[in-house]
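Results of the structural survey
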Amino acid sequence: MKLRTKITLLASILALSILLFVDVTVHLLFVKIATRNEREVLQNKWTEIIAEAGPTMILKNAWSPKLKDELSGDTILRVFDQKSRLLYEVSRQSRFKLGNVRFNPSQSSELTDVQGHKILVIHLPVLSPEGNQEGTLEIVEKWDALETNLDILNTILITSTVGAMLLSLVGSTILANAILLPISSSIQTMQEIERSLKFKKIPVRSHNHDELSQMTATFNRMMSRLEESFQSQQQFVSDASHELNTTLMIIEGYANMLRRWGTHDEDIYKESIQSIYEETQRMRTMTQQLLALASSQQGNPEPHERMELVGCCQQVVAHLKTVHDRLITIFTDESEIWLDANLAKMKQLLVILLDNALKYSADEIEIILSTEAKHVQIRVKDAGIGIPEGEVKRVFERFYRVDCSRHRKTGGTGLGLPIAKAITDAHQGTIRMASVEGKGTEVIVTLPQRQQEGLSLQ
Ligand code: ADP
């Protein structure tokens, strides 16, 4: 069953149930109130008559003609003695007959059906002057007015119920359409996406903040993110293929040179072997970095631990000093800086920043560690070649190299800083670069000391 039919049906059933409940309540209340009023009128009238006529006259059937005139054609009087034996019955050409019908004398009044007529029965005690009950006067009244009024009331109730049902049907159809229009539009857009395999957005109809607008906005946001991620994956694959292809072409070129002249010309032989070796080294580094970048973007959570940063920096510096004979100094006011982070990733981040500083500078390199409020700052500063002003913001893009001529010499791949950014992002931190061409570069990483609950490395 379609959602539209379900909503219409449910709303109509609900409306019908409420209307029926109201109808039955109104009907019962009307009968109850009308009966109480009629009973009070009759009781008052006949209590007065009994008081006026006196018990003897009633028990002995000595009604005066004037009193008999009080009886309407729809009333029958019956008098019972103390032992509930019928003494006599008075009626004035009654339009209905009671025959052997007996009512319960212990009930002071009751509304009942006799031969399809509504009958109101009232029992009044006949008391002696001393106050003793000597008999019971039963007033039986055929109450046609109630039936007529009930017929009118029922007609009104049925007409208004049918009218209200029709209105509720129209209302629930309009409501279902209003609710389902954005949903139908979403389904249509999703089907189009499925058919064409292209990213599309649902047209925004209104700018209020109801759940449906939120659903549309969320869907559109999700589409944008998927499109972005899809495009970045495509870009990634094409960039990576281009990079690997360039390297393979260089290797192929040298291999060809070796095939033709390598065995005769020792210079060509040495140059080719060296270049092939360097290019394969570069390719190995690049594939390792690509793997690191891909895994950091997969969103697999890496465990965080309580780690000490000053000691970690000292370890990385000691390791790099064994490979590069360069001066790297750590400046900090703290003897220990503790933070929640992944130790291996932190070391990788430091290696990337120091490796760049080593590659693009020749003098001393500084690492400045500081804490402020709930954050830790790591600054890696060199006095090297720097970066032209307009290019600083692009260095965190994948495969971006400031000057292609310099990377072949340094063996750079343009993947180091994107990996560094992925690591800081995963630690809810930030990374930025300040550089002056010809003067030097500073990379500033800011990390929260404590990781927020529920967040993990992405
Ligand atoms: P690469 O492997 O080429 O160094 P990165 O992503 O680490 O790749 O850096 C991107 C580019 O930013 C580099 O090609 C280089 O031109 C520039 N760069 C990075 N760090 C420095 C630095 N400390 N000094 C000067 N240039 C830098």
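Residues numbered from 1 in each chain as written. Predicted model: local features only at pLDDT ≥ 70, side-chain atom pairs only at ≥ 80, totals over all residues. Heavy atoms only, no water.

What follows deals with the site of the ligand. Taken together, 20 residues are adjacent to the ligand, and Asn 356, Tyr 360, Asp 382, Thr 413 and Leu 417 come closest. Between Lys 359 and the ligand, the recorded distance is 3.1 Å, taken from a side-chain N or O atom to an oxygen atom. Considered on its own, the ligand offers 520 Å² of accessible surface; in the complex 98% of this is hidden by protein. Secondary structure elements with two or more residues in the shell around the ligand: α8 (343–359) and α10 (416–426). At three residues, α10 tops the list of elements feeding residues into the shell around the ligand. Partitioning the shell around the ligand into residue classes produces nine nonpolar, seven polar and four charged. (Near = heavy atom within 4 Å. Polar contact = N/O pair within 3.5 Å; in protein donor to acceptor, adjacent residues only side chain to side chain. Areas by Shrake-Rupley, 256 points an atom, 1.4 Å probe, with all protein chains shown as cover. Helix = DSSP H or I, 4+ residues; strand = E, 2+ residues; numbered from the N terminus. Nonpolar A, V, L, I, M, F, W, Y, C, P; charged D, E, K, R; others polar.)

Attention now moves to the packing of helix α7 (residues 309–323) against α8. Two numbers describe how α7 lies on α8: the axes approach to 10 Å, and their chain directions differ by 45 degrees. When the axis of α7 is compared with that of α8, the two are oblique. Both α7 and α8 take part in a crossing whose hand is right-handed. Contacts between α7 and α8 pair Cys 312, Cys 313, Gln 315, Val 316, Val 317 and Leu 320 from the former with Leu 343, Lys 347, Leu 350, Val 351, Leu 354 and Leu 358 from the latter. Of the residues assigned to the contact of α7 with α8, the class counts are 10 nonpolar, one polar and one charged. (Axes fitted to C-alpha atoms, helices over the stretch in contact; angles between N-to-C directions. Parallel < 35°, antiparallel > 145°, perpendicular 65-115°, else oblique. Left-handed = near helix turned anticlockwise from the far one by under 90°. Contact = heavy atoms within 4.5 Å.)

Right, let's talk about a negative patch on the surface for a bit. Together, Glu 48, Glu 52, Asp 69 and Glu 70 give the surface a local cluster of negative charge. Position of Glu 48 among the secondary structure elements: in helix α1 (residues 3–53). On the accessibility criterion, Glu 48 (56% relative accessible area) is exposed. (Patch = residues over 30% accessible without salt bridge, like charges linked within 9 Å, V, L, I, M, F, W, Y side chains within 5 Å. Salt bridge = Lys/Arg side-chain N within 4 Å of Asp/Glu carboxyl O. Lys, Arg positive; Asp, Glu negative; His and termini not counted. Charge placed at Lys NZ, Arg CZ, Asp CG, Glu CD. Buried < 20%, exposed > 50% of the residue type's maximum accessible area, 1.4 Å probe, protein only.)

The next point concerns the domain arrangement of the protein. In terms of domains, the protein is made up of domain 1 (3–152), domain 2 (199–300) and domain 3 (305–448). Put simply, the middle of domain 1 and the middle of domain 3, counted by C-alpha atoms, are 101 Å apart. (Domains from an automatic or database assignment.)

In this structure, Leu 309, Leu 354 and Ile 378 are the most contacted members of the largest nonpolar core, which totals 48 residues. The element best represented in this core is α8, accounting for eight residues. When residues of this core are assigned to domains, at least three fall in each of domain 2 (199–300) and domain 3 (305–448). Not counting residues within four places of it along the chain, the set of residues in contact with Leu 354 comprises Val 316, Val 317, Leu 320, Ile 328, Ile 365, Ile 367 and Val 380. Leu 42, Leu 77, Val 126 and Leu 153 belong to the second-largest nonpolar core, a separate cluster that totals 25 residues. (Core = buried A, V, L, I, M, F, W, Y, C linked by side-chain atoms within 4.5 Å.)

Moving on, we come to the pattern of salt bridges. According to the stated counting rule, one finds 13 salt bridges in the structure shown. The residue Arg 78 makes a salt bridge to Glu 138 at a minimum N-O spacing of 2.7 Å. Of this pair, Arg 78 sits in strand β1 (residues 75–81) while Glu 138 sits in strand β5 (residues 133–142), placing them 60 residues apart in sequence. For Glu 138, a relative accessible area of 1% translates into the label buried. Note that Asp 144 and Lys 142 form a salt bridge whose closest N and O atoms lie 2.7 Å from each other. The exposure class of Lys 142 is buried, given its relative accessible area of 7%. Among the charged side chains, a salt-bridge network with shared partners connects Arg 306, Asp 340 and Arg 450.

What follows deals with the pairing of strand β9 (residues 365–372). In the sheet, strand β7 (residues 328–332) pairs with β9 via five bridges, with the strands oriented parallel. Across the sheet, the residue bridging to Phe 331 is Ile 368, located in β9. (Pairing = 2+ DSSP bridges.)

With respect to topology, five strands assemble into an open sheet ordered β2-β1-β5-β4-β3, the strand pairing being antiparallel. If you trace the sheet from one side to the other, it starts and ends with β2 (86–91) and β3 (109–114), each paired once. Between one strand and the next, the sheet's axes are offset by a mean angle of 20 degrees, whatever the strand orientation. Bridging between β1 and β5 involves seven bridges; their strand directions are antiparallel. By the bridge assignment for β5, Phe 80 is matched with Thr 136. Against the sheet, α1 makes contact with β1, β3, β4 (117–127) and β5, and its axis sits at roughly 35 degrees relative to β4, the strand it touches most. Against the sheet, helix α4 (residues 144–196) engages β3, β4 and β5, with an angle of about 140 degrees to β4.

Time to look at the packing of aromatic side chains. Remark: the centre distance and the inter-plane angle together describe each pair of aromatic rings, the angle taken between the planes. Counted according to the given criterion, the structure contains one aromatic pair. Ring centres of Phe 199 and Phe 230 lie 5.5 Å apart, and the angle between their planes is 55 degrees; this geometry places the pair in the tilted category. One end of the pair, Phe 199, is in the loop between α4 and α5 (211–262); the other, Phe 230, is in helix α5, with 31 residues separating them in the sequence. Residue Phe 199 is classed as partly exposed on the basis of its relative accessible area, which comes to 28%. (Phe/Tyr/Trp six-rings, centres within 6.5 Å; stacked < 30°, edge-to-face > 60°.)

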